[in-house]
Amino acid sequence: MSIDTQAVAQAGKICTTLVNMKPLTFSILRLLSNNEFHSGATIAQTLGVSRASVSNALRDVDEAGLTVHRVHGRGYRLLDPVQWLEREAILKYLGGEADNFDLVVMDSIDSTNTFLLHDASREINCDRTGIHVVAAELQTGGRGRRGRQWHSGLGGSLAFSMSWQFQQGASFMSGLSLAIGVAILRTFESAGIKNAVLKWPNDVMYNLCKLAGILIELHGDMLGPTVVVIGVGVNLKLSDNIQARIDQGVTDVYSITGRMPDRNALLAALLNDLATALREFERGGFAPFKEEWVSRHLCENKVVKLHLADGSSQEGTVHGVADDGSLLLQTSAGMRSYSGGEITLCRIA
Ligand code: BTN
């Protein structure tokens, strides 16, 4: 359910959604992140490059969701300065839990899930030290569920993956993606991002628009052990440029709370809550999360249309989920349980 067991093979098919940005571009953007103008000459001198290289390096940044203000005689400035992800700051926010994590922060990568899946295929059965986490400022080929692309802009989102080794086999993972949704809502609540809800199986929504997405992929065999890669994308403040690429209703934390959260603090809180939820899931599967999940389900007791992978659809009223996370639907033919598909609300109140 919402889990891709062929993940390593599929992850090889990288589809680039954003141009890759050079290390020089990141260095310049970091200099520009103090809300002040910097002349091309000063930037060039600081970084030991030519002014032409500075100008070239900033050419495509709007594609990544940033706007660089260029004013004759004053230089360059970022319209919306970025709060960069910083490993040390994230570890500080993780506090006593920091030693449990093996955290890598990257400027740019195709997909953090792809990266950890390749890692998983090499490391299964090895002794692992710490929970592997990769967070990236920019994903050039971010992946969503059902083969979709995931678009996120530089500084305006969180994109990270965490891997977790279970001793159990793949069948134990049913319902894991729903439990991860619960963990994310717990973090949001503590961070003051109230009233977000879940849409089966694992969309995090606000006002019928998508706020965060979860992509879970597995590596291992049916009997175990299994490495699970949990990818999470959170929309913090989407630029118009990024929103234009997304073909569904989306929202972001900034629109909900009116302020930009501290990205490092929010990421640390998510990592802690995810690790807690994974330990809970390891002990008892999805069942301990079920009540909390159902109470936060956008579609509970509502009439929905379930779109199945074979192209068919089924209409019915949602009556919770089973202990393995499958959707319970009261249909004209009786109560049915579904482990895959995507639902849309039939009537919006
Ligand atoms: C969805 O379709 O709702 C799932 C989106 C998951 C996006 C995240 S961003 C970090 C990680 N890396 C990816 O390529 N995808 C996931």
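See the structure shown above.
Owing to the predicted nature of the structure, the values given are computational and were not obtained by experimental measurement. (Residues numbered from 1 in each chain as written. Predicted model: local features only at pLDDT ≥ 70, side-chain atom pairs only at ≥ 80, totals over all residues. Heavy atoms only, no water.)

Asks: How would you summarise the packing of aromatic side chains if you had to cite specific residues and measurements?
Replies: Within the structure shown, the criterion is met by 4 aromatic pairs. The interplanar angle of 55 degrees and the centroid separation of 6.4 Å between the aromatic rings of Phe-166 and Phe-172 together place this pair among those described as tilted. Given a relative accessible area of 0%, Phe-166 falls into the buried group. Seen in terms of ring centroids, Phe-172 and Phe-281 are 5.4 Å apart; in terms of plane orientation they differ by 70 degrees. Their pairing is edge-to-face. Within this pair, whereas Phe-172 is found in the loop between β6 (157-166) and α7 (176-190), its partner Phe-281 is found in helix α10 (residues 263-284), the two being separated by 109 residues in sequence. (Phe/Tyr/Trp six-rings, centres within 6.5 Å; stacked < 30°, edge-to-face > 60°. Buried < 20%, exposed > 50% of the residue type's maximum accessible area, 1.4 Å probe, protein only. Helix = DSSP H or I, 4+ residues; strand = E, 2+ residues; numbered from the N terminus.)

Asks: Would you mind going over the nonpolar core in detail, with residue names and values included?
Replies: Counting residues in each nonpolar core, the largest one holds 68 residues, and the members touching the most others are Phe-188 and Val-204. Considering each element in turn, this core owes the most residues, 10 residues, to α10. Leave out the neighbours within four places in its chain, and Phe-188 touches Ile-193, Ala-196, Val-204, Leu-211, Ala-212, Val-234 and Leu-270. Residues Leu-32, Ile-43, Val-54 and Ala-64 belong to the second largest nonpolar core, which totals 19 residues. (Core = buried A, V, L, I, M, F, W, Y, C linked by side-chain atoms within 4.5 Å. Contact = heavy atoms within 4.5 Å.)

Asks: Describe the site of the ligand, naming the residues involved and giving the relevant values.
Replies: As a structural note, the neighbourhood of the ligand is formed by 20 residues, with Ser-111, Gln-139, Arg-143, Arg-145 and Lys-210 the closest of them. Between an oxygen atom of the ligand and a side-chain N or O atom of Ser-111, the distance comes to 2.7 Å. The separation between a nitrogen atom of the ligand and a polar side-chain atom of Thr-112 is 3.1 Å. Computed on the free molecule, the ligand has an accessible area of 420 Å², of which 98% lies beneath the protein chains in the complex. In terms of residues, the shell around the ligand owes the most to one element, strand β9 (residues 209-220), which gives 4 residues. Counted by class, the shell around the ligand contains 6 nonpolar, 10 polar and 4 charged residues. (Near = heavy atom within 4 Å. Polar contact = N/O pair within 3.5 Å; in protein donor to acceptor, adjacent residues only side chain to side chain. Areas by Shrake-Rupley, 256 points an atom, 1.4 Å probe, with all protein chains shown as cover. Nonpolar A, V, L, I, M, F, W, Y, C, P; charged D, E, K, R; others polar.)

Asks: Give a description of the pattern of salt bridges that names residues and reports values.
Replies: Scanning the model with the defined rule gives 16 salt bridges in all. The residue Glu-63 makes a salt bridge to Arg-245 at a minimum N-O spacing of 3.4 Å. Of this pair, Glu-63 sits in the loop between α4 (51-57) and β2 (68-71) while Arg-245 is found in the loop between α8 (240-243) and α9 (253-257), placing the two residues 182 residues apart along the sequence. Residue classification places Glu-63 among the partly exposed positions, given a relative accessible area of 27%. (Salt bridge = Lys/Arg side-chain N within 4 Å of Asp/Glu carboxyl O.)

Asks: Can you explain the sheet that holds strand β13 (residues 327-331)? Please cite residues and give values.
Replies: In a beta sheet, neighbouring strands pair by backbone hydrogen bonds and run either parallel or antiparallel. Overall, antiparallel pairing links the 5 strands, which are arranged β14-β13-β12-β11-β15 in an open sheet. Sheet topology places β14 (334-338) and β15 (342-345) at the edges, where each strand pairs with a single neighbour. Each strand axis lies, on average, 45 degrees off the axis of its neighbour in the sheet, ignoring direction. Bridge analysis of strand β11 (residues 303-307) against β15 gives 4 bridges, and the strand direction is antiparallel. Following the sheet pairing, Lys-305 is matched in β15 by Thr-344. (Pairing = 2+ DSSP bridges. Axes fitted to C-alpha atoms, helices over the stretch in contact; angles between N-to-C directions.)

Asks: I'd like a description of the pairing of β2, backed by residues and values.
Replies: By the bridge criterion, 4 bridges tie β2 to strand β3 (residues 75-78) in an arrangement that is antiparallel. By the bridge assignment, His-69 is partnered in β3 with Arg-77. Taking the residues that link successive antiparallel strands as the turn, the β2-β3 hairpin has 3 residues, and the phi of Gly-73 there is positive, at about 85 degrees.

Asks: Account for unusual backbone geometry, with residues named and values stated.
Replies: Cis rather than trans, the peptide bond between Trp-200 and Pro-201 has omega equal to 0 degrees. With respect to the helices and strands, the residue Pro-201 is situated in the loop between β7 (197-199) and β8 (203-206). Even without being glycine, Asn-35 reaches a positive phi, approximately 70 degrees. On the secondary structure map, Asn-35 appears in the loop between α2 (23-31) and α3 (40-47). With phi around 50 degrees, Asn-207 is a residue other than glycine that occupies positive phi space. By the secondary structure assignment, Asn-207 is in the loop between β8 and β9. Here Asn-207 falls in the exposed class, since its relative accessible area comes to 63%.

What is shown is where atoms sit, not what they do.
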